[in-house]
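# Structural overview for review
Each chain, letter by letter, is given below.
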Amino acid sequence: MTSSSPNLHLWKEYRIPLVCMAVGIATLSILLSNKNNIAPKDDKEDSKGNLDTSAPVETSEDKPRTHQGLKKADFKKLPKVIRKKPKQKKADDEPGCCGGKNKAEGDNSTGCCGGKNKPSNDNKAPHCACSTTTSNATPITVIDPLALPELVEPMKIFYSTITGTAKLFAQQLYDSAINAGLPEPKIIDIVDYDTEDFLTETGLCVFILSTYNVEGPNDWFLKWLEDTRFDWRVEKGALSKLRFSVFGLGDSAYTEEFCNGPRSADKWLGQMGAQRVWPFGEGDKNGDQGGAYKQWNDAMLASLLDPTQSHVHEAYFSSDDEDGKSASENDDDEGDVDEDEIKKTKEEKLGLPTIDGDVSEGEMVDLEDMGNVAIKIKQAKEDKALDEEAYANQKVRAKRSVGETKDGKAIKPREVREMVSPLLHKSLTKQGYKIIGTHSGVKICRWTKAALRGRGFCYKHSFYGIQSHLCMETTPSLACANKCVFCWRHHTNPVGTEWRWKVDDPEFILEGALENHYGMLKQLKGVPGVRAERFVEATQVKHCALSLVGEPIFYPHINEFVKLLHKKRISSFLVTNAQFPDAIASMDPVTQLYVSVDASTKESLKKIDRPLFRDFWERFLDSLDALGKKGQRTVYRLTLVKDFNTDEIANYVELIRRGQPDFIEIKGVTYCGYGGASGLTMANVPYHAEVVRFVELIQEQLGAGYEIAAEHAHSCSILVASTKFKKGDTWYTHIDYDKFFELVESGQKFTSLDYMAETPSWAYFGAPEGGFDPEETRYFRKTKEQRKAERERREGEDDEE
Ligand SMILES: Cc1cc2nc3c(=O)[nH]c(=O)nc-3n(C[C@H](O)[C@H](O)[C@H](O)COP(=O)(O)O)c2cc1C
Ligand code: SF4
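No experiment lies behind these values; they were computed from the predicted model shown. (Residues numbered from 1 in each chain as written. Chains lettered and ligands numbered in written order. Predicted model: local features only at pLDDT ≥ 70, side-chain atom pairs only at ≥ 80, totals over all residues.)

### Thoughts on the overall build of the protein chain
Per the secondary structure count, the protein chain includes 23 helices and 20 strands. In the protein chain, which comprises 801 residues, the share counted as buried stands at 36%. A sequence separation of at least 24 residues applies to 71% of the contacts in the protein chain between residues at least 6 apart. (Helix = DSSP H or I, 4+ residues; strand = E, 2+ residues; numbered from the N terminus. Buried ≥ 20, exposed ≤ 12 C-beta atoms within 10 Å, placed from the backbone. Contact = placed C-beta atoms within 7 Å.)

Following this line, the structure appears as structure tokens:
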């Protein structure tokens, strides 16, 4: 016998009274809900799971149903908004009632089925359960709380502002919501909200966002939206539980940049499945911004409160669009379709007012008015210049770390957050990273694995004498200030122009990195082919590549971190993306300091690195200047992406002359299955011969002073070196690591020439080994055909046996 048997027995004995009780409770709840004028109805969901708010609200004849967590207190919060009196229903329409057809002869009562539909255990009701319907009464209908959950859960009003207008508008919405009897909304400054929490929001979020083409309060929110939207690992409907509406504040003097940030927010929210409850609105500072806002505010609230209007936004955002696409599919259309055009035509179709008050396309402007328009434009341009000047002179800029308001009032300091959110942690761990503390990471690279099996080292072995199994790849900052198209993090990385996260100790990070690195190595112990002596050597890290992901120089204690490395006699190769010139200038000597030179002109750098800083180009040039002054071993790293940065040779040459690096590493981009945001394909990966051609052109134009020194054909990498590192015909691009540590310990000033070592001949450019150490076993990946032939051969052998 199972343990459930006694329960079964009890159930059998008491099932009839229990069922009666349940029926009684259900009937009581119907009566109570009638009393409260709240008439529940079945949820009507369309194929997308949207609640149908336009369906007529039914009364007591509806089946009783559960309220999915809606508490009594929530009902009380509902506004007492009486909608419309539904037309009287014919008795025939009533479900469960025979309309008298089944009545016994001589029975004069109305609307009764003669007791046929009565539950068998109902002995009290004179006829049947359906006889309790008040089909002749006129029911008063109210909002269905399940159809409009935004009226039950307090709405959240997010605003972003520098000069205070958006906050004022948020307050206006708050006041109108209170006046309408809605539950008290929450007003939230967008900079104080943890963006990850949007993923679990279920209520109505209204965004009132100002636009800034400089560092501003929207930056973090917009970056997060964009990152999440284009992260292929985040499911498409990640925000499907969120309901939203966006109002943008801007100035039309910014022409094509008018309200662009808020507009993108509206688009990305929609693309991630969030449900737009009211169309995007915008207010032009150069027009009647306050009036446009009021119009939008009132219209949105009215639509929420009055389901009879729901057809307006339903039609606007219905799942069946004219072109057969759903609203969210339309949100997905990138590039080809002018979204504003779609929006405008829809507005026109619906006869909605154009919220920004702009002259719409079809409208004519009187010639007399033309003069006024010209004056307005001129005025707007002047205002814009004044605005920007005022902003530039402003002492306190809008930053996430707030201290004081403009009028000097103290603001409660914001809680400092961790850089790696749970979502990011999960995604990075999935990609093989080990996360240390709150902002650092470590990963084993494929070359370390290859080296353990005696299958060769990475290009740094050919160029500088690093053995990959002795190298640890780590970063003390997973965040950076760029969103490069070739970034292998698929744009999930945190970004920022300033450090605004918790800071972990350098000792803690280094210990954590080593511990995790050794832990990952241990797991490789049993991999077939791992050589015992290499495995033992690998338990003592000798080199640290501070280049994994993110921007190591961003970490506020980078100098202490590097000092700790050197104390352990671990060399330091640090790569920075040239956006923090001051940090480069104040960097203590590292074994080799790199700057990524991803493009040679402002336009192409913007296109390829997609930097966060507006003055990215100045920062980039300043970084090269800072590098030139270091007097230590410096490298430019060029990653070639075909059709992005392979032209403009003369500009590269100019940049090289500017920073005077000791070395220039040129490498073809590695294809690693790019996310949708970058749009890179295999066609963007250059062939080795193309990289060689590019390098030859660079070298030709550079003239004396630089030569092609070494190559690693396997990874399509070539080293151009300053001829300072060549004595006679012999290159000295390798490093004497012991000498380097001695120099650091001495505390004396030293230069890159003080710790150079001879380059082996197999690493020379053009050598038959192509930079592959002849001591190693070359492993060639088999082609599909070779694998097939081998399989067939083996199958043949099996058959013979
Ligand atoms: C420095 C600066 C930059 C601006 N950049 C833009 C812009 O790129 N696009 C736009 O539509 N409006 C821009 N504006 C206009 C503001 O978005 C507009 O004045 C808005 O009403 C300000 O709202 P707030 O008071 O809430 O900060 C800018 C204003 C300033 C001062
Ligand atoms: S330098 Fe980079 S690729 Fe080479 S072994 Fe170290 S981590 Fe791996």
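### Details of the site of ligand 1
The immediate surroundings of ligand 1 are formed by 22 residues, with Thr161, Thr165, Ser210, Asn213 and Gly250 found nearest. Breaking the shell around ligand 1 down by element, the ones donating at least two residues are α3 (165-179), β4 (243-250) and α10 (367-393). Examining the composition of the shell around ligand 1, we find that three residues originate from one element, α10, more than from any other. Residue composition of the shell around ligand 1, grouped by class: nine nonpolar, eight polar and five charged. (Near = placed C-beta within 6 Å. Nonpolar A, V, L, I, M, F, W, Y, C, P; charged D, E, K, R; others polar.)

### A look at the site of ligand 2
Neighbouring residues of ligand 2: Cys445, Trp447, Thr448, Cys458, Lys460, Ile466, Ser468, Cys471, Glu473 and Ala545. Only α12 (446-452) and β9 (471-475) provide two or more residues apiece to the shell around ligand 2. When the residues that make up the shell around ligand 2 are grouped by side-chain class, the tally is six nonpolar, two polar and two charged.

### A word on the environment of Leu627
The residue Leu627 is located in helix α19 (residues 616-628) in this model. Separated by 34 residues in the primary sequence, Leu627 and Leu593 have C-alpha atoms spaced 8.2 Å apart. Among all residues touching Leu627, those that are not within four sequence positions of it are Ile584, Leu593, Val595, Thr634, Gly659 and Pro661.

### Re the nonpolar core
Side chains that are nonpolar tend, in soluble globular proteins, to be buried together. Counting residues in hydrophobic clusters, the biggest one holds 100 residues, and the most contacted among them are Leu574, Ile666, Ala710, Leu719, Val720 and Ala721. Per element, the largest residue contribution to this core is five residues, and it comes from α19. The next biggest cluster of nonpolar side chains, apart from the first, holds 41 residues, and it includes Phe221, Leu222, Phe244 and Phe247. (Core = buried A, V, L, I, M, F, W, Y, C linked by C-beta atoms within 7 Å.)

### Observations regarding the sheet that holds strand β13 (residues 634-640)
Across the sheet, which stays open at both edges, the ten strands sit in the order β7-β8-β9-β10-β11-β12-β13-β14-β16-β15 with mixed pairing between neighbours. The strands lining the two open edges of the sheet, one partner per strand, are β7 (434-436) and β15 (706-712). On average, adjacent strands in this sheet sit at an angle of 25° to one another, irrespective of strand direction. Here four bridges tie strand β12 (residues 592-596) to β13, and the two strands are oriented parallel to one another. Pairing of Ser596 across the sheet is with Arg637, part of β13. (Pairing = 2+ DSSP bridges. Axes fitted to C-alpha atoms, helices over the stretch in contact; angles between N-to-C directions.)

### Quick word on the confidence of the model for the protein chain
Summary statistics for the protein chain give a mean pLDDT of 72 and a share of 62% for residues scoring 70 or more. Contacts from residues 15-20, a stretch scored under 50 in pLDDT, to residues over four places away or in other chains number two contacts. Per-residue pLDDT stays below 50 along residues 393-406; that stretch engages in 19 contacts with residues further than four places along the chain or on separate chains. (pLDDT = per-residue confidence, 0-100.)

### Description of the pairing of β9
Of all five residues in β9, five are buried, a share of seventy percent or more. Burial along β9 is two-sided: Cys471, Glu473 and Thr475 and Met472 and Thr474, pointing in opposite directions, are all buried. Pairing analysis gives three bridges linking strand β8 (residues 440-443) to β9, with the strands arranged antiparallel. Considered in β9, the bridge of Lys443 is made with Glu473. Pairing of β9 with strand β10 (residues 543-546), which is carried by four bridges, proceeds in the parallel orientation. The residue of β10 that forms the bridge with Met472 is Cys544.

### Notes on unusual backbone geometry
Here Thr255, not a glycine, exhibits a phi torsion of approximately 40°, which is positive. Its place among the elements puts Thr255 in the loop between β4 and α5 (260-271). Classification of Thr255 as exposed rests on a count of 11 C-beta atoms within 10 Å. In this model, Ala578 sits at a positive phi of 65°, which is unusual for a non-glycine residue. Along the polypeptide, Ala578 turns up in the loop between β11 (571-576) and α17 (581-585).

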